[in-house]
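Below, each chain spelled out in residue letters.
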Amino acid sequence: MLDDFQIDQPIVYKTLLNAIQKNTITHAYLIELNGYSKGLDFAKTFAKYLLCPHHYTNALNCKECYQCKTIDDGNFLELKIIQPDGQWIKKEQLEELQQEFNRKALVGNQKIYIIDGADKLNTYSANSILKFLEEPVPGIIAILLVENAYQVMNTIVSRCQVLSLKKENYTINSDFSLKKRLAYYSFHTLEDIENFLQTEESDQKIECMVEYLNYFEKKGYQTIIYKNKAFLETFPDKNSLYLVFNWFILYYKDVLNYQLGKKIDYFKEYENSIMEIAKENTILSISQKIERILELSEKIKYNVNATMLMDKLVIDLMEVKK
Ligand SMILES: [Zn+2]
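Throughout what follows, the structure given in this document is the object of discussion. (Residues numbered from 1 in each chain as written. Predicted model: local features only at pLDDT ≥ 70, side-chain atom pairs only at ≥ 80, totals over all residues.)

Looking at the packing of helix H9 (residues 200-219) against helix H12 (residues 238-259)
Relative orientation of the contacting elements H9 and H12 amounts to 55°, with a least axis distance of 10 Å. Judged by the angle between their axes, H9 and H12 are oblique. Seen along the crossing, H9 lies across H12 with a hand that is right-handed. On H12, the residues that touch Met209, Val210 and Leu213 of H9 are Val244, Trp247, Phe248 and Tyr251. Residue composition of the contact of H9 with H12, by class: 7 nonpolar, no polar and no charged. (Axes fitted to C-alpha atoms, helices over the stretch in contact; angles between N-to-C directions. Helix = DSSP H or I, 4+ residues; strand = E, 2+ residues; numbered from the N terminus. Parallel < 35°, antiparallel > 145°, perpendicular 65-115°, else oblique. Left-handed = near helix turned anticlockwise from the far one by under 90°. Contact = placed C-beta atoms within 7 Å. Nonpolar A, V, L, I, M, F, W, Y, C, P; charged D, E, K, R; others polar.)

Following this line, the structure appears as structure tokens:
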């Protein structure tokens, strides 16, 4: 079920759930795999979620309805999966699909096709997909899977909502340094991970982040006056702010782990600070702080004023009763 991907793919999971709840499912998705090994599984699960008549009411996903059962058996006519026939996805494969989809759906009113390997569309098949996408037919949803969006014609990409999966989190090896753990957590591509690992700036960022939270936990509102400016010099843009807000969450999660008697996952190197924060906070207050940070981090995607954002962070966290 879709919930199975909540941990591997928190962002895409949330985006899709949101779209389902708000009824804003679009007619075409391009899913970038970025090295994620279960992309097709993910696409099928998403399709099943949309096709199952119970998904709106039954959060646990049914597995029992006709749709779910036949999808699991691979016999559901309104879900087609197209994979390269030899080296390419051929035009004939898509013509066949078009013909099949032209008839009325036998069950329900939705049809979904998944193109597994959208980079394997040749000129002809790419053009017939393009036609599909340019003149969407109500009730038909396309899901295209590809390693990276740049492998697909721009004209196709621009007609899809692009979703970026991330490589599964490596089991965090206890030998990994904090930097390496954060790198694997924070970035999707090996190139970004390497970049992060190779720059010294990353160490300063990590240090700055930990120092900031530790200072806040001791001094509260003073953080606004004494820390926010320097903090924003280290994290000057949207991307880096989004990144550091995720680290804040990891840090507080470690505090929570400590409070619950579990092992510290990420910031082992700062065990003493984590212990102190754990003592000064209740489990409830740490959970609430995590929630506040999550809410604020959502706003970073829009045009927020960074100074106001950081002030608001301190104020919001101070509102949480210890
Ligand atoms: Zn079902």
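On we go.
Some remarks on the sheet that holds strand E2 (residues 79-82)
The strand order E2-E3-E4-E1-E5 describes an open sheet built from 5 strands, whose pairing is parallel. Taken across any chain shown, the strands that pair with only one partner, and hence form the sheet edges, are E2 and strand E5 (161-164). Pairwise comparison of adjacent strand axes, ignoring direction, gives a mean angle of 20° for this sheet. When strand E1 (residues 28-32) meets strand E4 (residues 140-146), the two strands line up parallel, connected through 5 bridges. Residue pairing for E4: Ile31 is matched across the bridge by Leu145. (Pairing = 2+ DSSP bridges.)

Remarks on unusual backbone geometry
Located in the positive-phi region is Asn23, a residue other than glycine, with phi close to 60°. Tracing the sequence through the fold places Asn23 in the loop between helix H1 (10-22) and E1. Taking the C-beta count within 10 Å as the criterion, Asn23 has 7 such neighbours and is therefore assigned exposed. A positive phi angle is found at Asn34, which is not glycine, with a value near 50°. Asn34 gets classed as partly exposed once you count the C-beta atoms within 10 Å, which come to 19. (Buried ≥ 20, exposed ≤ 12 C-beta atoms within 10 Å, placed from the backbone.)

Some remarks on the nonpolar core
Judged by nonpolar contacts, the single largest core of 42 residues is most densely connected at Leu30, Ile31, Ile114, Ile143, Leu144 and Leu145. Elements that contribute at least two residues to this core include exactly H1, E1, helix H2 (39-51), helix H3 (66-73), E2, strand E3 (111-116), helix H5 (123-134) and E4. Counting 26 residues, the second-largest nonpolar core is a separate cluster that includes Phe231, Leu243, Val255 and Val314. (Core = buried A, V, L, I, M, F, W, Y, C linked by C-beta atoms within 7 Å.)

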